[in-house]
Amino acid sequence: ILATETAAKPTRTMSDPFNALLTLEFGPQSGKMDYDDDSKVEKQCTNVEIRDFVAEAVFYNPYSASFNKWNYGFLFRHTGNNTQYRVVVSSLSKWYLYLWEDVSLGVMAEGNVPNLLTGKNDFNTMKFVARGDIGYLYINDVLISSMNLDRRSAPGDVCAGTGFFTGSELAGYSAGYEDFAVWSLSTSP
């Protein structure tokens, strides 16, 4: 990855397979998402309307997987309360891609995350790249999977989130995150 600076926003060029120019649109930001066991996703949104992007964050596990289940990830192409894709990793060392349009349309793709750290004081770096109809999920700098995104192509917000599944939030705990950033992705000239 080569880094260059522009007057307005930092950019960087990624090598193949993307051959793209990245422009920082949000962040980096750090914070926490408090659990309140309300069966709602806790999220931090960027307020950036974008279709093709790179989102990255370091997520801190709220507790060990042996204590209680947890999950975190990104909502993207988010245009309303329950209208978006959700890419989620869980304490069961699994990942899921969901499509929501007012209600869940189900799991579009799923798989294993063999390198996910699930201990109490562990953290994981999650990166998601959306380019056209293809998405790429990286965990701890390892490409985990590519996935089809052709069911929802409209631009929308990108959010970091947690508490995607019922029973995965224990009141009084929180999922911390660091360096949450979103870059727009466009083809190099």
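Treat the numbers as computed from the prediction; the structure is a model and nothing was measured.

A look at the pairing of strand 12 (residues 142–148)
Part 1 of the reasoning: Across six bridges, strand 11 (residues 134–139) lies against strand 12 in antiparallel orientation. Across the sheet, the residue bridging to Y138 is L143, located in strand 12.

Regarding the nonpolar core
Note on soluble globular proteins: their nonpolar side chains tend to be buried together.
Part 1 of the reasoning: Core analysis: the biggest nonpolar cluster contains 37 residues, and F74 and F128 have the highest contact counts within it.
Part 2 of the reasoning: Listed in part, the 10 residues of the second largest apolar core include V129, A181, W183 and L185.

Brief notes about the environment of T79
Part 1 of the reasoning: Within the element layout of this structure, T79 appears in strand 6 (residues 71–80).
Part 2 of the reasoning: In this structure, the C-alpha to C-alpha distance between T79 and G156, residues 77 residues apart in sequence, is 5.2 Å.
Part 3 of the reasoning: A distance of 2.4 Å separates the side chain of T79 from the side chain of R152, its partner in a polar contact.

Overview of the layout of surface pockets
Over the atoms rolls a probe the size of a water molecule, and in doing so it shows where empty space is left.
Part 1 of the reasoning: Its boundaries defined by the atoms lining it, the largest pocket holds a volume of some 300 Å³.
Part 2 of the reasoning: Around the largest pocket, the lining comprises 16 residues; the ones closest to its centre are S39, K40, V41, N82 and R86.
Part 3 of the reasoning: Going through the elements one at a time, strand 6 and strand 7 (83–90) are the ones with two or more residues in the lining of the largest pocket.
Part 4 of the reasoning: Here the residues of the lining of the largest pocket sort into five nonpolar, seven polar and four charged.

Regarding the confidence of the model for the chain
Part 1 of the reasoning: Mean pLDDT for the chain: 86, with 86% of residues reaching 70 or above.
Part 2 of the reasoning: Segment residues 1–17 is flagged for pLDDT under 50; beyond a separation of four residues in sequence, or across chains, it makes 32 contacts in the model.

Topic: unusual backbone geometry
Trans is the prevailing form of peptide bonds, just as negative phi is the prevailing case for residues other than glycine.
Part 1 of the reasoning: Omega for the bond connecting G27 with P28 falls within 30 degrees of zero, at 0°, which places this linkage in the cis form.
Part 2 of the reasoning: Here P28 lies in strand 3 (residues 20–34).
Part 3 of the reasoning: Positive phi outside glycine occurs at S93, with the angle close to 60°.
Part 4 of the reasoning: For S93, a relative accessible area of 22% puts it in the partly exposed group.

Conventions used here
Residues numbered from 1 in each chain as written. Predicted model: local features only at pLDDT ≥ 70, side-chain atom pairs only at ≥ 80, totals over all residues. Heavy atoms only, no water. Pairing = 2+ DSSP bridges. Helix = DSSP H or I, 4+ residues; strand = E, 2+ residues; numbered from the N terminus. Core = buried A, V, L, I, M, F, W, Y, C linked by side-chain atoms within 4.5 Å. Buried < 20%, exposed > 50% of the residue type's maximum accessible area, 1.4 Å probe, protein only. Polar contact = N/O pair within 3.5 Å; in protein donor to acceptor, adjacent residues only side chain to side chain. 1 Å grid on protein atoms, 1.4 Å probe; cavity = no way out; pocket = protein on both sides within 12 Å on 5 of 7 lines; lining within 4 Å. Points joined across faces, edges and corners; volume = space filled by probe spheres on them. Nonpolar A, V, L, I, M, F, W, Y, C, P; charged D, E, K, R; others polar. pLDDT = per-residue confidence, 0-100. Contact = heavy atoms within 4.5 Å.

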